[in-house]
Amino acid sequence: MSIVSAVLVLGVMGLLFGLILAFASKIFAVEVDERIPAVQECLPGANCGGCGYAGCNGLATAIVEGKAPVNGCPVGGAAAAEKIAAVLGVEVTESEKMVAHVHCSGTCENAKNRAKYEGIEDCLGAIRVANGYKECAFACLGLGTCEKACPFGAIHVVDGVAKVDTSKCTACSKCIAACPKHIISLVPEKNAVRVDCSSKAKGKDVMDACAVGCIGCGLCEKTCKFDAIHMEGNLPVIDYDKCKGCQMCAKACPRHIIEPWNTPEKVKELQELKAKQAAAKKAAMEKAAAAKKAQEAASAPADK
């Protein structure tokens, strides 16, 4: 009888505690705006953090609370913005698409190395050894840390320099956060004028380290009629709010480090670069397919 009594007592206590917890959950429940899950359903679910919030739920909450715009998701783009606007009953304010850009053009051929690096294939590892192996302290190390960080396959290392495929870039800023040299930034996709150098060193030091680095001559600044480009620490910086895309700065640059490149040599180089990007993409796909095939073969049961 003692065992039966103990079981009954425990059962009654469990029921009582359950009722108390149920009552407490009703009393202390936090009301959730039903629009938040509806907005979250419109988002792609990438949870990349490119919007500046902690995942899609964080952005959905911010949009409903009016702290973020309906087009705040760089991954979902216009399609997601239209769905969210429909849920909230508001209009979509068109915003300019931004893409990542690597401010360096020091390829294996153009940039000098001061040492032979044989460590792990990672920029974070290489930078711990005397700030990297390249002569230029601001140069892309080309070991693919940004490439590994990108969840959309939008950035690849070609000829020792990371290059962005703008058709895939969602402006999630993962590559920007991953780059230990801090030479990647977001630029307007529609504006083709971009600086391809990050060196703040003086002209002679730049010329000793790289064949295509900015020497800080200031011709681009003097040429611009819209006050849209200024020298900051021996390096031109573009104010995209003022830039009209006239490309006069690119034509004035004696080192051809401002896109769009205007010389026949640079045009040819750009064509070759695009071909190499396509080849790198194909090689990566083949490598992934081979790895998947090898994994499937290893997991398959052995023949008896």
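What you see is a predicted model; the values in this text were computed from it and never measured.

Engineer: Got a minute to help me understand the pattern of salt bridges in this structure?
Structural biologist: Any two side chains of opposite charge can pair, given that their charged atoms come close. What the rule picks out here adds up to 5 salt bridges. Note that Lys67 is salt-bridged to Glu65, the shortest N-O span being 3.3 Å. According to the relative accessible area criterion, Lys67 is exposed, its value standing at 61%. Measuring nitrogen to oxygen at the nearest pair gives 3.6 Å for the salt bridge that ties Lys116 to Glu118. Summarising the burial analysis for this pair, Lys116 and Glu118 share the class exposed.

Engineer: I tried to follow the domain arrangement of the protein on my own but got confused; where do I start?
Structural biologist: Looking at the assigned domains, one finds that the protein contains domain 1 (36-88) and domain 2 (98-265). A straight line from the C-alpha centre of domain 1 to that of domain 2 covers 31 Å. Contacts between the two partners involve 6 residues from domain 1, matched on the other side by 5 residues from domain 2. Both sides together, the interface formed by domain 1 and domain 2 hides about 400 Å², and carbon and sulfur atoms give 65% of it. Among the residues of domain 1 in contact with domain 2, Cys48, Pro74 and Val75 are the three that bury the most area, contributing 76% of the side total. Linking domain 1 with domain 2 are 0 salt bridges, by the criterion used here. For the pair domain 1 and domain 2, the number of links is 0 residue pairs in polar contact (both at pLDDT 80 or more).

Engineer: Please explain the state of the cysteines as it appears in this structure.
Structural biologist: Disulfides are covalent bonds that connect the sulfur atoms of two cysteines. Tallying each qualifying case throughout the model produces 0 disulfides. Not part of a disulfide, Cys73 finds its nearest cysteine sulfur in Cys56, a span of 6.0 Å. Taking relative accessible area as the criterion, Cys73 reaches 9% and is therefore assigned buried. You can see Cys253 has no disulfide; the closest cysteine sulfur is in Cys217, sitting 6.2 Å from it.

Engineer: Looking at this structure, how should I read the pairing of strand β2 (residues 155-158)?
Structural biologist: Along a regular strand, successive side chains alternate from one face of the sheet to the other. Across 4 bridges, β2 lies against strand β3 (residues 161-164) in antiparallel orientation. Residue pairing across strands places His156 opposite Lys163, the latter belonging to β3. Between β2 and β3, which pair antiparallel and follow one another directly, the connecting turn spans 2 residues, one of which, Asp159, has a positive phi of 55°.

How each quantity is defined
- Residues numbered from 1 in each chain as written.
- Predicted model: local features only at pLDDT ≥ 70, side-chain atom pairs only at ≥ 80, totals over all residues.
- Heavy atoms only, no water.
- Salt bridge = Lys/Arg side-chain N within 4 Å of Asp/Glu carboxyl O.
- Buried < 20%, exposed > 50% of the residue type's maximum accessible area, 1.4 Å probe, protein only.
- Domains from an automatic or database assignment.
- Contact = heavy atoms within 4.5 Å.
- Buried area = accessible area lost by both parts, 1.4 Å probe.
- Polar contact = N/O pair within 3.5 Å; in protein donor to acceptor, adjacent residues only side chain to side chain.
- Disulfide = S-S within 2.5 Å.
- Pairing = 2+ DSSP bridges.
- Helix = DSSP H or I, 4+ residues; strand = E, 2+ residues; numbered from the N terminus.

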